[in-house]
Each structure stands twice: as C-alpha cells, then as structure tokens.
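Here are the chains, one letter per residue:
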Amino acid sequence: MGNTGSERANQFVVAIDGPAGAGKSTVAKLAASRLGFSYLDTGAMYRAVTYKALQQHLSFSDKSALASCAANSKIEFEDTVNCSAPRVKLDSHDVTDAIRDPEVSRNVSEVASEPEVRSCMTSLQREIGSRGRWVVDGRDIGTVVFPEAQVKIFLTASIEERAKRRFDELVSKGYSPVLEELISEIAKRDGIDSNRKTAPLKQAENSYYLDTTSLTIDQVVDKIYGIVTVKKGQP
Ligand code: DC
C-alpha cells in the first residue's frame, strides 16, 4: 500500500553514509534525538544476520545459506525508556550488545556483500523508513536505499582516527584491543565495503562531505542539525 499524501508530506530522511568507525551511529543517534526524528541503524541489521550465521555455524561462503538466514531473521527495533537508541531484537531476543562482539565485526562485511542478504535488508529498511522522520545510517543509504533522501551526508575520518575511536570504545567495554590490528581490520572492511559489486560504499550525489578527523562529536552534530534545519525550512 502506498503512502497517503499527509504521510508523504511528513516523511523526511537524513541519510548518513561513511566507512567503519567514522562515528556515524554516535552522531546519527544524537542528531535524531535533537531533531526529534527516529533513528535507524542499518549496520545493526547486517550485524544481526551475521550474529545468527555465527550461532548457526554457517559457512560464510555458502551464499544460499546466508540468504535464507537473512530471509528467516525477524529483526525489530524496540524503543526503551532511558535508552539513547532502540534495542535490537532478533527472533524476539535482545541482541543489542551481542552484535557488537568483535567476532561479528570481523565477519559482517562478508555477509553484507551478499546481494540476496542486501536485498532483504534494503526492503526492510525502506518499509521502516517509509513513514515518519528518520535519521538512517549505513553504507548505501543515500545511494541505494533512500536515493531521494532530503538530506544526505557522507561522514568520514582518517583511518588512524577511526581505529583510535574503535580502540577507545572497545577498551571502555572491557576488551583489550591492539591498535595496529584494528587499523588493518578497518582497512580490510573498507576494502570489502567499497569494492563489493552490490551497493558499494561511495559518496552519494548531492551529499555533504564531512571529515570528522579533527571535529568533536558535538561539532559534527551541530553541523548536521544546521543542514537539516535549513533544508526543512525550504519549500
Ligand atoms: O556501521 P556498522 O559498523 O555497524 O556496519 C556493519 C557492517 O555492515 C559494515 O561492515 C558494512 C555493512 N553495512 C552495509 O553494507 N550497508 C549498510 N547500509 C550498513 C552496514
């Protein structure tokens, strides 16, 4: 069923794409809350499928097993009081923390390069974002999922800075990462995400390029808030 006229008039998408560790989810979450928009973390969806594939000991080279794993995964986002972002549910279980495990991070790019997995996730993302006002972050949001998004941002930072941010995040969660290993892991993910055949990571046309290497989170959120506010004011 298509959207009604008033749903269309109320619909607004801010698409934020960029490489691993650029700070997309932190910034997207804060920008959404400041704008009064909902937040959709599409990376969490690919992570949930990867988590399930690991649980089921699927081979990452078995394309049809991955495709049916994606098709049979019930992924939902649940708003909770006192939580800055919705909880992620997979087949009715809360996997919000489990999908951030380094083992999932190491394998998710491979799962996300599967065209059938992508097609499944893209449909779900369009369905979720078709009503209301959203900040959506990922790799192909402005290029493939919502090419008509009212605002598109390409968020990036130097690889050293991105690895350092990931390092700090993992330390704060009790892991003991090695910076050099994170740099090569991120470089590998960048390579897979940018060179895959289906929906590779690239800057969308008409998008704002934001290099956050020497910006604070607040400065980035301010910039996005400013861009969206100007755009919303336009007829
Ligand atoms: O943003 P993240 O690190 O949680 O994303 C996890 C992986 O999912 C990332 O390596 C690329 C993939 N991804 C994707 O291919 N397309 C998206 N829209 C979002 C994430």
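A few points on the structure. (Residues numbered from 1 in each chain as written. Predicted model: local features only at pLDDT ≥ 70, side-chain atom pairs only at ≥ 80, totals over all residues. Heavy atoms only, no water.)

**So, the sheet that holds strand 8 (residues 208–211)**
And then number 1: Reading across from one edge, 2-6-1-7-8 is the order of the five strands in this open sheet, with parallel pairing throughout. The two strands at the open ends of the sheet, each matched to only one other strand, are strand 2 (38–41) and strand 8. Across this sheet, the average inter-strand angle for adjacent strands is 20°, counted without regard to direction.
And then number 2: In the sheet, strand 7 (residues 151–156) pairs with strand 8 via four bridges, with the strands oriented parallel. Its bridge partner lying in strand 8, Leu 155 is registered against Leu 210. (Pairing = 2+ DSSP bridges. Helix = DSSP H or I, 4+ residues; strand = E, 2+ residues; numbered from the N terminus. Axes fitted to C-alpha atoms, helices over the stretch in contact; angles between N-to-C directions.)

**Side note on the side chain of Arg 47**
And then number 1: As for its position among the elements, Arg 47 is in helix 3 (residues 42–55).
And then number 2: The buried charged residue Arg 47 lacks any salt bridge, with Asp 41 as its nearest oppositely charged partner at 6.4 Å.
And then number 3: Within the structure, Arg 47 has its side chain in polar contact with the side chain of Ser 105 (distance 3.1 Å).
And then number 4: If we skip the residues at most four places from it in the chain, Arg 47 touches Ile 99, Arg 100, Val 104, Ser 105, Val 108, Arg 166 and Arg 189. (Buried < 20%, exposed > 50% of the residue type's maximum accessible area, 1.4 Å probe, protein only. Lys, Arg positive; Asp, Glu negative; His and termini not counted. Salt bridge = Lys/Arg side-chain N within 4 Å of Asp/Glu carboxyl O. Polar contact = N/O pair within 3.5 Å; in protein donor to acceptor, adjacent residues only side chain to side chain. Contact = heavy atoms within 4.5 Å.)

**Observations regarding helix 6 (residues 115–129)**
One turn of an α-helix holds 3.6 residues; hence residues three or four places apart share an orientation.
And then number 1: In a regular helix each residue adds 1.5 Å, so 15 residues correspond to 21 Å; helix 6 covers 21 Å between its end C-alpha atoms and thus fits that length.
And then number 2: Buried residues of helix 6: Val 117, Arg 118, Met 121, Thr 122, Gln 125 and Gly 129, and no others. The arc enclosing the buried residues of helix 6, seen along the axis, measures out at 125°, which places them on a common side. The outward face of helix 6, more than 90 degrees from its buried face, is lined by the exposed residues Glu 116 and Glu 127. (Expected span 1.5 Å × (residues − 1). Arc of directions from axis to C-beta.)

**Details of the site of the ligand**
And then number 1: Neighbouring the ligand are 17 residues, the closest being Arg 47, Arg 118, Asp 140, Arg 189 and Arg 196.
And then number 2: Note that an oxygen atom of the ligand is positioned 2.7 Å from one of the side-chain N or O atoms of Arg 189.
And then number 3: Relative to its free-state accessible area of 450 Å², the ligand is covered by the protein chains to the extent of 96%.
And then number 4: Because more than half of its atoms lie within 2 Å of the grid, the ligand is assigned to the largest pocket.
And then number 5: Elements represented by at least two residues in the shell around the ligand include exactly helix 3, helix 5 (102–112) and helix 9 (179–195).
And then number 6: At four residues, helix 3 tops the list of elements feeding residues into the shell around the ligand. (Near = heavy atom within 4 Å. Areas by Shrake-Rupley, 256 points an atom, 1.4 Å probe, with all protein chains shown as cover. 1 Å grid on protein atoms, 1.4 Å probe; cavity = no way out; pocket = protein on both sides within 12 Å on 5 of 7 lines; lining within 4 Å. Sits in = over half its atoms within 2 Å of the grid points.)

**Concerning the sheet that holds strand 4 (residues 87–90)**
And then number 1: Within the open sheet, the three strands sit side by side as 3-4-5. Their pairing is antiparallel. Unpaired on one side and paired on the other, strand 3 (75–78) and strand 5 (93–94) mark the two borders of the sheet.
And then number 2: Alignment of strand 3 against strand 4, held across four bridges, turns out to be antiparallel. Bridging across to strand 4, Glu 76 finds its partner in Lys 89.

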